[in-house]
Every structure is written in structure tokens, then in C-alpha cells.
Amino acid sequence: QVQLVESGGGLVQPGGSLRLSCAASESIPRLNAMGWYRQGPGKPRGLVARITVGGTTEYADSVKGRFTISRDNAKNTVYLQMNSLKPEDTAVYYCNAESLVRYGTDYWGEGTLVTVSS
């Protein structure tokens, strides 16, 4: 069974930067895309950024221009570079992988906490 493990979360000051990493334990069968979602206090989980196997990216409007998603296929890893962090970015960030197995299968990491505060 594929496992996703996130790392890189922590406490940063507003305006600071952080890079999240998500490593899959093995190659994901029929991988379609990988991405990052987040869930802040009192908010539902929502998309932060996503990258398809073809390299197409999409971002939540709230993070455009500040966050960048990238991947290293050889390492089964996806990254999220977060710059100009704001307090409203505080959330648990979850790594996601989309597979086309069984007409759609999602893999999720357990999450890593990002806190933006002075």
C-alpha cells in the first residue's frame, strides 16, 4: 500500500518562507496528479496546489504568486515552496496523490502543521 509522508511544517513569521515535502513510499500506480490541500481552523479542507503528470499546475487564488508546486518523479516526491507567508496560511497541510486505479483512487498523507505567527 502506498504511503505518503509529509515534512517541512513548522512555525514561521509572517513574510517568511517554508518548503513542504511529500515522499511516496513507492511509485504510485496510474498516477494522474499530486497536490497539496490544507485545512485551517474552522475551515474545510481545500486545494492549495496541484500538478498533473503532464506538468500542468493549478493554484488556489489565495496562494497564487506566493506558492510553487514542483515534483521529482525519480524520488516519488512533490514539494510546495511557500513564500511571503501570511497568518491566514496557518493550517494543516495534506499531501494528495490521485490515481486512476479503480476509476479514481486518492492517497493522503497524515498532514503537517504550518503556523504563521509573530
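On a predicted model such as this, the values are computed, not experimentally measured, just so you know.

A.B. asks: Just to check I follow, could you spell out the overall build of the protein chain for this structure?
C.D. replies: If you tally the helices and strands in the protein chain, you get zero helices and eleven strands. Here the C-alpha radius of gyration of the protein chain, 14 Å, is about what a compact globule of 118 residues would show, namely 13 Å. Along the first, second and third principal axes, the C-alpha atoms of the protein chain reach 45 × 25 × 25 Å. Within the protein chain, counting contacts between residues at least 6 apart in sequence, those at least 24 apart form 54% of the total. As presented, the protein chain carries roughly 6,400 Å² of accessible surface, and 47% of it is formed by carbon and sulfur atoms. The distance from the centre of the 12 positive side-chain charges to the centre of the 10 negative ones in the protein chain is 3 Å.

A.B. asks: Please clarify how the state of the cysteines should be interpreted in this entry.
C.D. replies: Among covalent bonds in proteins, the disulfide is the one between the sulfur atoms of two cysteines. Under the defined criterion, the tally for this structure stands at one disulfide. A sulfur-sulfur separation of 2.0 Å characterises the disulfide bridge that pairs Cys22 with Cys95. Judged by the torsion about the S-S bond (-85°), the Cys22/Cys95 disulfide is left-handed. Placement of Cys22 in strand S3 (residues 18–24) and of Cys95 in strand S9 (residues 91–99) is noted, with a sequence separation of 73 residues between them. Note on Cys22: relative accessible area 0%, which makes it buried.

Cut-offs applied
- Residues numbered from 1 in each chain as written.
- Predicted model: local features only at pLDDT ≥ 70, side-chain atom pairs only at ≥ 80, totals over all residues.
- Heavy atoms only, no water.
- Helix = DSSP H or I, 4+ residues; strand = E, 2+ residues; numbered from the N terminus.
- Rg over C-alpha atoms; globule rule 2.2 N^0.38 Å.
- Contact = heavy atoms within 4.5 Å.
- Areas by Shrake-Rupley, 256 points an atom, 1.4 Å probe, with all protein chains shown as cover.
- Lys, Arg positive; Asp, Glu negative; His and termini not counted.
- Charge placed at Lys NZ, Arg CZ, Asp CG, Glu CD.
- Disulfide = S-S within 2.5 Å.
- Buried < 20%, exposed > 50% of the residue type's maximum accessible area, 1.4 Å probe, protein only.

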